[in-house]
Amino acid sequence: MPTYEYECLECKQRFEVFQSMNDAPISKCSKCGKSVRKIYNSAGLIFKGSGFYVNDYKAKNDKQASETPPACQGCSGCSMGMPE
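One structure accompanies this document, and this report is about it. Along each chain, the written sequence defines residue order, and numbers are assigned to residues from 1. Given that this is a predicted model, residues contribute local features only at a pLDDT of at least 70 and side-chain atom pairs are listed and counted only at 80 or more, while totals for whole chains, interfaces and linings are drawn from all residues. Water and hydrogen atoms play no part in the side-chain values, which are based on all heavy atoms of the structure.

Observations regarding the packing of aromatic side chains
Here the distance between the centres and the angle between the planes together describe a pair of aromatic rings. Let me state the cut-off plainly: Two aromatic rings from Phe, Tyr or Trp, using only the six-membered ring of Trp, form a pair when their centres are within 6.5 Å; if the ring planes differ by under 30 degrees the pair is stacked, by over 60 it is edge-to-face, and anything between is tilted. Residue exposure (1.4 Å probe, protein chains only): buried if accessible area is under 20% of the type maximum, exposed if over 50%, otherwise partly exposed. Cation placement over rings: the criterion is NZ of Lys or CZ of Arg within 6 Å of the ring centroid and within 35° of the ring normal.
Tallied over the full model, the rule gives one aromatic pair. Arranged with centres 5.8 Å apart and planes meeting at 20°, the rings of Y6 and F15 form a pair that is stacked. Its relative accessible area of 13% is what places F15 among the buried residues. When the ring centre of Y4 is taken as origin, the NZ or CZ atom of K38, which lies over that ring, is 4.3 Å away.

In structure tokens form, the structure reads like this:
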């Protein structure tokens, strides 16, 4: 369940509420009872699964192979010194 942040329009108190996405939004401040507004923040991001480790943290021998520069194919505007 996500955590939502609210701010009171009157007393400016900020508070967080841990609630289901299906729950109705909070409408009253817990301190003064006046109206509140929901504050939208960036969401937390968690990578799960076996593919992320393989893609992001390769073995040392894979890293050495990827550091070898590719052979020049003689593209136009290339500054690798290949004749045109």
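As for the environment of C11
As a reminder, the rule being used: Strands here are runs of E lasting at least two residues and helices are runs of H or I lasting at least four, both read from the DSSP assignment and numbered beginning at the N terminus. Whether two residues are in contact is decided by their heavy atoms, any of which lying within 4.5 Å being enough.
Take C11: it is sitting in the loop between β1 (3-8) and β2 (14-18). On the basis of relative accessible area, C11 is assigned to the partly exposed category, the value being 31%. For C11 and K31, which are 20 residues apart along the polypeptide, the C-alpha to C-alpha distance reads 8.3 Å. The contact partners of C11, leaving out residues within four places of it in the chain, are C29, K31 and C32.

Re the sheet that holds β2
Threshold: One bridge is not enough; two strands pair if DSSP finds at least two bridges between them. Axis lines are fitted to C-alpha atoms, over the contacting stretch for helices. Their N-to-C directions set the angle, which ranges from 0 to 180 degrees.
In spatial order, the strands read β2-β1-β3; together these three strands make up an open sheet with antiparallel pairing. Each edge of the open sheet carries a strand with a single partner, namely β2 and β3 (36-39). When the angles between neighbouring strand axes are averaged without regard to direction, this sheet yields 35°. The pairing of β1 with β2 spans five bridges and is antiparallel. Looking at the pairing, Y6 lines up with F15 of β2.

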